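So the chains spell out like this:
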Amino acid sequence: MVLLMVPGVLFLLVFFYLPVLGNVVAFQDFQPYLGIMHSEWNGLQNFVSLYDNPDFWDALRNTLLLAAVQLLLFFPVPLALALIVDSLVSNRLRRWFQTIAYLPHFLSWVLVVTLFQQSLGGAGFVNNLLRQAGLDPIPFMTNPDTFPLLVVAQLIWKDAGWAMIIFLAALTTVDVSLYEAAAADGAGRWRRLWHITLPSLRTVIVLLLILRIGDILSVGFEQFILQRDSVGPGAAEVLDTFTYYAGVVGGDWSSGAAAGLAKGVVGALLLWGANSLAHRLGEPGIFQRRGVS
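In this text, all values refer to a predicted model and were calculated from it rather than measured experimentally.

### Here's the deal with the overall build of the protein
Helix and strand content of the protein: 17 helices and two strands. On the principal axes, the C-alpha backbone points of the protein span a range of 75 × 70 × 40 Å. Here the protein, with 293 residues, has 35% of them falling under the buried criterion. Contacts spanning at least 24 positions in sequence make up 63% of the contacts within the protein whose residues lie at least 6 apart. Carbon and sulfur atoms form 68% of the exposed surface of the protein, whose accessible area is close to 18,000 Å². Of note, the protein has its 16 positive side-chain charges centred 14 Å away from the centre of its 19 negative side-chain charges.

As C-alpha cells, this is what we get:
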C-alpha cells in the first residue's frame, strides 16, 4: 500500500509543493534572465502596486460574484442527482443514468465551450430555430449580464455527474432499517428524505462545503480564458486569468506571483474559518486540533 502511494506523493511534491518555492518571486523585481538568485528584492512593493491596480479589483469582484453563483446554484445539483439515482429501483436504469452523467466530466473545456457555442451561439442550433420562427436571436454566449448563469450551466453539465459520486458513496452508509421503521410509522418519501437521508449526509455536505469555500477564489481558468474575448474582460476576467495576462503575457512575473500568492493566502484563511465554524456547529470538519475528539 505504501508503494502504491509513491506516484501520488511524487506528483504532489513536483507539481504542488516545489512550485511553492517560486512564491519568492512575489517579493522581488524578478528578471527572467537574472533568475531568482540574482533578481533584486523589493519587499511588499509588488503587493502595493497590485492593490493600486483597478484591473485587479475588477478581477477580484468578478471572481467573488462567479464563486457565489457557483456555490449557490452548482453545489446542490450533485446532491439532487445522487438522491435521484439512489431512488431508482432498476439497476439497469441506474447504470445508464450514472454513465450519461459521468461522461461530460472527461471532455476538455475546449470541447464543452465548443458544444455550447454550436448549440447557443449566434449561428447555433437554438438561434437558427428562433430565426426560422421569425424571432430575434438571443445572445446566450456573448451577453455579459447573463455570463454567470452560462458559466454555471456549463459547469453543471460537465461536472455535476462526477461530483455526485461522493454523495452516492455516502448514501450507501445510511442504515436501511431507519427507512423501514419510518415507513412503518407512516412517514412518506419526503419526510424520510428530510429526517433520515439529509441528516445522514450532513457530515459529508459540510466537509465538501468547507473544501469549496477554501477553493472559492479558483473559479476556473480554461473555461474563462476561452470565453474572455466573446463576453469581454469586464465580465470574464477572474483572478486566474488576471494572473496569466499580467505575469505571462504582460511579462510582469512579480505582479502575477503576488496575485497568485494573495489568492492562496485568502483561500487558506477561508478554509480555516469555515473549518472553525464547522467545529462550532458540532461537525468534525477536515482537520481538528490535537487532543480534540
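We are not done yet, so read on.
### Here we look at the packing of aromatic side chains
Applying the stated rule across the entire model yields 13 aromatic pairs. The interplanar angle of 40° and the centroid separation of 5.0 Å between the aromatic rings of Phe-11 and Phe-15 together place this pair among those described as tilted. Of this pair, Phe-11 and Phe-15 are both found in helix α1 (residues 2-17), four residues apart, which corresponds to roughly one turn of the helix. Phe-11 sits in the partly exposed class, given a relative accessible area of 46%. For Phe-15, a relative accessible area of 54% corresponds to the exposed category. With a centroid separation of 5.5 Å and 70° between ring planes, the pair formed by Phe-221 and Tyr-244 is classed as edge-to-face.

### What about the layout of surface pockets?
Space inside the largest pocket adds up to approximately 990 Å³. Surrounding the largest pocket, 31 residues form its lining, Ser-218, Gly-260, Leu-261, Lys-263 and Gly-264 being those nearest its centre. Of all elements in the fold, only α1, α12 (202-214), α16 (239-249) and α17 (253-280) reach the threshold of two or more residues within the lining of the largest pocket. Sort the elements by how many residues they give to the lining of the largest pocket and α17 lands first, with twelve residues. Classifying every residue of the lining of the largest pocket by side-chain character gives 19 nonpolar, nine polar and three charged. By volume, the second largest pocket amounts to about 610 Å³. Lining the second largest pocket are 20 residues, with Phe-74, Asp-159, Ala-163, Arg-212 and Asp-215 positioned closest to its centre. With seven residues, helix α9 (residues 147-171) is the largest single contributor of residues to the lining of the second largest pocket. Taken together, the residues of the lining of the second largest pocket break down into 13 nonpolar, four polar and three charged.

### Remarks on the UniProt feature "transmembrane region" (unreviewed entry) in the protein
Feature annotation in UniProt places "transmembrane region" (unreviewed entry) on residues 64-85, 106-126 and 160-181, given in this structure's numbering. As annotated, residues 106-126 comprises 67% helix and 0% strand, and the C-alpha atoms at either end are separated by 25 Å. As a span, residues 160-181 carries 82% helix and 0% strand, and end to end its C-alpha atoms are 32 Å apart.

### Concerning the pattern of salt bridges
The full count for this structure, using the stated rule, is four salt bridges. In this structure, the salt-bridge partner of Lys-158 is Asp-159, at a minimum N-O distance of 3.7 Å. You can call Lys-158 buried: its relative accessible area is 7%. For Arg-228, the salt bridge identified is with Glu-237, shortest N-O distance 3.0 Å. Judged on exposure class, the residue Arg-228 and its partner Glu-237 are both buried.

### Notes on the side chain of Asn-127
Within the element layout of this structure, Asn-127 appears in helix α8 (residues 125-132). Among the residues examined, Asn-127 registers a relative accessible area of 1% and is labelled buried. Engagement of the side chain of Asn-127 in a polar contact is seen with the backbone oxygen of Gly-121, the distance being 2.7 Å. With residues up to four places along the chain from it excluded, the contact list for Asn-127 reads Leu-120, Gly-121, Gly-122, Pro-137, Ile-138 and Phe-140.

### Some thoughts on the nonpolar core
Nonpolar side chains tend toward joint burial in soluble globular proteins. Core analysis: the biggest nonpolar cluster contains 53 residues, and Phe-147, Met-164, Phe-167, Leu-168, Phe-224 and Phe-242 have the highest contact counts within it. A per-element tally of this core places α9 first, with ten residues. Dropping the residues within four chain positions of it, Leu-168 is found in contact with Ala-82, Val-85, Asp-86, Gln-98 and Tyr-102.

### A word on α12
When the terminal C-alpha atoms of α12 are compared, their 18 Å separation across 13 residues agrees well with the 18 Å that a helix rising 1.5 Å per residue should span. When α12 is considered as a whole, its buried residues turn out to be Val-204, Ile-205, Val-206, Leu-208, Ile-210, Arg-212 and Gly-214. For α12, the secondary structure elements touched by its buried residues are α4 (54-73), α5 (76-87), α9 and α17.

About the criteria used
- Residues numbered from 1 in each chain as written.
- Predicted model: local features only at pLDDT ≥ 70, side-chain atom pairs only at ≥ 80, totals over all residues.
- Heavy atoms only, no water.
- Helix = DSSP H or I, 4+ residues; strand = E, 2+ residues; numbered from the N terminus.
- Buried < 20%, exposed > 50% of the residue type's maximum accessible area, 1.4 Å probe, protein only.
- Contact = heavy atoms within 4.5 Å.
- Areas by Shrake-Rupley, 256 points an atom, 1.4 Å probe, with all protein chains shown as cover.
- Lys, Arg positive; Asp, Glu negative; His and termini not counted.
- Charge placed at Lys NZ, Arg CZ, Asp CG, Glu CD.
- Phe/Tyr/Trp six-rings, centres within 6.5 Å; stacked < 30°, edge-to-face > 60°.
- 1 Å grid on protein atoms, 1.4 Å probe; cavity = no way out; pocket = protein on both sides within 12 Å on 5 of 7 lines; lining within 4 Å.
- Points joined across faces, edges and corners; volume = space filled by probe spheres on them.
- Nonpolar A, V, L, I, M, F, W, Y, C, P; charged D, E, K, R; others polar.
- UniProt positions renumbered as here; feature names shortened; annotations may be inferred.
- Salt bridge = Lys/Arg side-chain N within 4 Å of Asp/Glu carboxyl O.
- Polar contact = N/O pair within 3.5 Å; in protein donor to acceptor, adjacent residues only side chain to side chain.
- Core = buried A, V, L, I, M, F, W, Y, C linked by side-chain atoms within 4.5 Å.
- Expected span 1.5 Å × (residues − 1).

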